[in-house]
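Spelled out, the chains give:
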Amino acid sequence: MAKNEPTSSEAVVAAGEHSGDTHTAADTERPSSALPAVLNKKMLQKMQEQYERRGIVYISRIPPHMKPQKLRQLLEPYGQLGRLYLALEDPRLRRKRKEKGANTGKNFTEGWVEFEDKQNAKDAVQLLNGQPMGGKRRSAYFYDLWCLRYLPKFKWDHLTEEINYQKAIKEQRMAVEVSAAKRERDFYLAQVDASKAQAAMLERRRERSGAEATPPADPSGGMPAEQPQAADKPAKPVVVRRYGQRKPKADPILDDGVPSLSGGLLKQLAGRKRPVHARS
C-alpha cells in the first residue's frame, strides 16, 4: 500500500476516536489551572514516541452493510484501536441500487484502522488475513473473509493528506464545471436576446413594408386612387460577346479528303533501303 492509495473524500470516521482526542464531561468541567500552560520537552518526546508506536492496517474489502461500529467491535480483541476510517461507495452505485428496489443503506469499499501498538497491528494481520470474520452463523458476515495488510512507515497524517488532496481536486473540478456551465448559460441567454431582437426588427420591417404597399384612400369616400403608372423604360440590349477561335485540324486517319504526303517523299525522308547481298 503506497502513500497515493486511491481514497474517497466522502468517508466516515467511526465514533470513538483516539482517547487523546475525545473529551468527557469531567474533562470539560476541570478548571483551566489543572491543565499545563505549555508542553515541555519531555511531554513532546512522549507524544512523539506514542505517535511512532502506532501502526496502520489497510482493509481492502468491507462486506456489504457492515458499519464502522461493527468493524471496531471485531478488531478490538486484537489490540487497542485508535482512529477508524471507511471510504464510502460510489454514489452512482447506491442510486442504481435504490432504483432496483434493493437495500438503500450506505456501503463502504475500503478502510484504514489505527492500532495504538504497531506490533498488535502486525499480529492482527497475521492472524486474521484470509480467515472468516466469524460471528454467529446467522450473521451476514459469517462467510466473509478478512482482507488485511499492514502498512509499514505509514501514518495517519499520510491518509489525511491524501484525503485533503482528493477533496481539493474534487472542489477544483466542480468549480471548473460550474464555470463552464455559467459560460454556456450566458451564451445561450445572449443568443436568445439576439434572436428576439432580430425577430422584432423583421416584424417592424414587415409592418413598414405593408403600410407602404397599401394605396391611399380617396377623400371622396370611393375606391382608393390609382397610382400613376410609370412610363415604360426601354429594355437594355443584351450584349453577346463572341471570341474568335481556330478551326480544329483534320485527322489524316479518321477524316476523308485530308491531303497526305506521297510515298516517294516519305522514302526520301526515311532514307533508302540497303540492298540485300546474296549469300554465296
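Keep in mind that what you see is a predicted model, and the values were worked out from it rather than measured.

A. Seen up close, the overall build of the protein chain. When helices and strands are counted, the protein chain shows seven helices and five strands. Along the protein chain, helices (α) and strands (β) appear in the sequence β-α-α-β-α-β-α-β-α-β-α-α when read from the amino end. Residue burial in the protein chain is summarised as follows: out of 280 residues, 20% are buried. Entry remark: accessible area of the protein chain is about 22,900 Å², with carbon and sulfur atoms responsible for 54%.

B. Inspection of the nonpolar core at higher detail. Core analysis: the biggest nonpolar cluster contains 23 residues, and Leu71, Leu75, Val113 and Trp146 have the highest contact counts within it. Those elements that place two or more of their residues in this core are β2 (55-59), α3 (68-75), β3 (81-88), β4 (108-115), α5 (118-128) and β5 (148-151). Apart from the residues lying within four places of it in its own chain, the contact partners of tryptophan 146 are Leu71, Leu74, Leu75, Leu128, Asn129, Gly130, Gln131, Pro132 and Met133. One finds Ile56, Tyr85, Trp112 and Trp156 within the second-largest nonpolar core, a separate group that totals nine residues.

C. Inspection of the pattern of salt bridges at higher detail. Following the criterion strictly, the structure yields eight salt bridges and no others. A salt bridge links aspartate 144 to arginine 61, with the nearest nitrogen and oxygen atoms 3.4 Å apart. Of this pair, aspartate 144 sits in the loop between α5 and β5 while arginine 61 is found in the loop between β2 and α3, placing the two residues 83 residues apart along the sequence. A salt bridge links aspartate 186 to arginine 185, with the shortest nitrogen-to-oxygen separation between them at 3.2 Å. With a relative accessible area of 47%, arginine 185 lands in the partly exposed category.

D. Layout of the packing of aromatic side chains. Counted according to the given criterion, the structure contains three aromatic pairs. With centroids separated by 5.8 Å and ring planes inclined at 55°, the aromatic side chains of tyrosine 85 and tryptophan 112 adopt a geometry described as tilted. In this pair, tyrosine 85 is assigned in strand β3 and tryptophan 112 in strand β4, connecting sequence segments 27 residues apart. Across the pair, tryptophan 112 and tyrosine 85 agree in class, each one buried. Measuring from ring centre to ring centre gives 4.9 Å for phenylalanine 142 and tyrosine 143, while their planes differ by 85°; the resulting arrangement is edge-to-face. With relative accessibility at 18%, the residue phenylalanine 142 sits in the buried group. Here a set of aromatic residues connected by ring pairs shows up, and it is made of Tyr58, Tyr85 and Trp112. Residue placement shows lysine 155 over the ring face of tyrosine 51; its charged tip is 5.8 Å from the ring centre.

E. Geometry of helix α7 (residues 263-270). For α7, a buried count of zero out of eight residues is recorded, marking the element as mostly open to its surroundings. Of the residues one or two after α7, glycine 271 is the one with positive phi, at around 100°.

F. Broad picture of the side chain of lysine 155. Along the chain, lysine 155 falls in the loop between β5 and α6 (156-213). At 2.8 Å, the side chain of lysine 155 forms a polar contact with the backbone oxygen of arginine 54.

G. Representation of unusual backbone geometry within the structure. Positive phi, normally seen in glycine, also occurs at histidine 65, with a value near 70°. Tracing the sequence through the fold places histidine 65 in the loop between β2 and α3.

H. Molecular detail of the pairing of β2. Buried residues dominate β2, accounting for five of its five residues. Going residue by residue along β2, you find Gly55, Val57 and Ile59 tucked away on one face and Ile56 and Tyr58 tucked away on the opposite face as well. Of the pairings in the sheet, the one linking β2 to β4 comprises five bridges and is antiparallel in character. Bridge pairing in β4 links glycine 55 to phenylalanine 115. With four bridges connecting them, β2 and β5 associate as antiparallel partners. Across the sheet, tyrosine 58 pairs through a bridge with arginine 149, a residue of β5.

I. Examining the confidence of the model for the protein chain more closely. Scored by pLDDT, the protein chain comes out at a mean of 76, with 75% of its residues at no less than 70. Confidence, expressed as mean pLDDT per element, reaches its minimum in the protein chain at helix α1 (residues 25-29) with 37 and its maximum at β2 with 92. Segment residues 1-32: pLDDT under 50, and 61 contacts once partners within four positions in sequence are set aside and those in other chains are kept.

J. Representation of the side chain of aspartate 144 within the structure. The class for aspartate 144 is buried, based on a relative accessible area of 14%. Ignoring sequence-local partners within four residues, the contact set of aspartate 144 consists of Arg61, Pro63, Gln131, Pro132 and Met133.

K. Here's a closer look at the environment of leucine 84. Looking at the secondary structure, you find leucine 84 in strand β3. Measuring from C-alpha to C-alpha, the distance between leucine 84 and glycine 111 comes to 7.5 Å, with 27 residues separating the pair along the chain.

The rules we used
Residues numbered from 1 in each chain as written. Predicted model: local features only at pLDDT ≥ 70, side-chain atom pairs only at ≥ 80, totals over all residues. Heavy atoms only, no water. Helix = DSSP H or I, 4+ residues; strand = E, 2+ residues; numbered from the N terminus. Buried < 20%, exposed > 50% of the residue type's maximum accessible area, 1.4 Å probe, protein only. Areas by Shrake-Rupley, 256 points an atom, 1.4 Å probe, with all protein chains shown as cover. Core = buried A, V, L, I, M, F, W, Y, C linked by side-chain atoms within 4.5 Å. Contact = heavy atoms within 4.5 Å. Salt bridge = Lys/Arg side-chain N within 4 Å of Asp/Glu carboxyl O. Phe/Tyr/Trp six-rings, centres within 6.5 Å; stacked < 30°, edge-to-face > 60°. Lys NZ or Arg CZ within 6 Å of the ring centre and 35° of its normal. Polar contact = N/O pair within 3.5 Å; in protein donor to acceptor, adjacent residues only side chain to side chain. Pairing = 2+ DSSP bridges. pLDDT = per-residue confidence, 0-100.

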